[in-house]
Amino acid sequence: RLAERAVVVTQYLQVVFEQEAAGGTGQQDSYSPGEIIKLWATVHKLPRNDSITDEDNAANEFPAAGDVQLPPVSNASIKVNLLWRRVLPGGNALMLTRSEDLPEVRLRKSRRVPGRYEGKITAPETEGYYELQATVSVPNLPRVRLSELIAIDAEPDLEELGEEN
């Protein structure tokens, strides 16, 4: 099992948002332009406990999904989109002005794992730092937002590098 990437614990929910390369190479922070990025989130209800204080909430002193069997949420809606953040070090600043439709996807409920939502998104062709942003909506509860910073960076063409030397 992969380590958790982005976790938000609210008074009512625990949401875990994760991503990895489609080839199953595990978590990574950098992708190639056009690469498929697998996304998933798990949403669980927290036990109702009126004795939980704001200080407990701020310290996230709640049981992790692996510690206690938390009930899964089966009626969540999860939207994931990419936001441009900045150019890569040594990159071309003109890339910032390039207009590109950034992908957006709604995760689908898993058929195998209760409380899990899955999908995929294609990395944009423009290199740079991007924020993968997930918005989780559960009826009658406040929206939850999670994000993860990733880099889109083309691998250098080894043949071209050899010709330059």
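The paragraphs below set out a description of the structure included in this document. Given the structure is predicted, the values throughout are model-derived calculations rather than measurements.

Some thoughts on the nonpolar core
Among the nonpolar cores identified, the biggest contains 28 residues, and Phe17, Leu39, Val43, Ile78, Val80 and Val136 are the most heavily contacted of them. Of all the secondary structure elements, the ones that give two or more residues to this core are strand S2 (13-21), strand S4 (36-45), strand S5 (77-86), strand S6 (104-109), strand S7 (116-122), strand S8 (128-137) and strand S9 (144-152).

Some remarks on the pairing of S4
Counting buried positions along S4 gives 7 out of 10 residues, so the element sits mostly inside the fold. In the sheet, S4 pairs with S7 via 7 bridges, with the strands oriented antiparallel. Residue pairing across strands places isoleucine 36 opposite threonine 122, the latter belonging to S7.

Regarding the pattern of salt bridges
For the structure on display, the rule yields 2 salt bridges. Between glutamate 118 and arginine 116 there is a salt bridge, with its nearest N and O atoms 2.8 Å apart. Under the relative-accessibility criterion, glutamate 118 is labelled partly exposed at 23%. Under the relative-accessibility criterion, arginine 116 is labelled partly exposed at 21%.

Quick notes on the rules
- Residues numbered from 1 in each chain as written.
- Predicted model: local features only at pLDDT ≥ 70, side-chain atom pairs only at ≥ 80, totals over all residues.
- Heavy atoms only, no water.
- Core = buried A, V, L, I, M, F, W, Y, C linked by side-chain atoms within 4.5 Å.
- Buried < 20%, exposed > 50% of the residue type's maximum accessible area, 1.4 Å probe, protein only.
- Helix = DSSP H or I, 4+ residues; strand = E, 2+ residues; numbered from the N terminus.
- Pairing = 2+ DSSP bridges.
- Salt bridge = Lys/Arg side-chain N within 4 Å of Asp/Glu carboxyl O.

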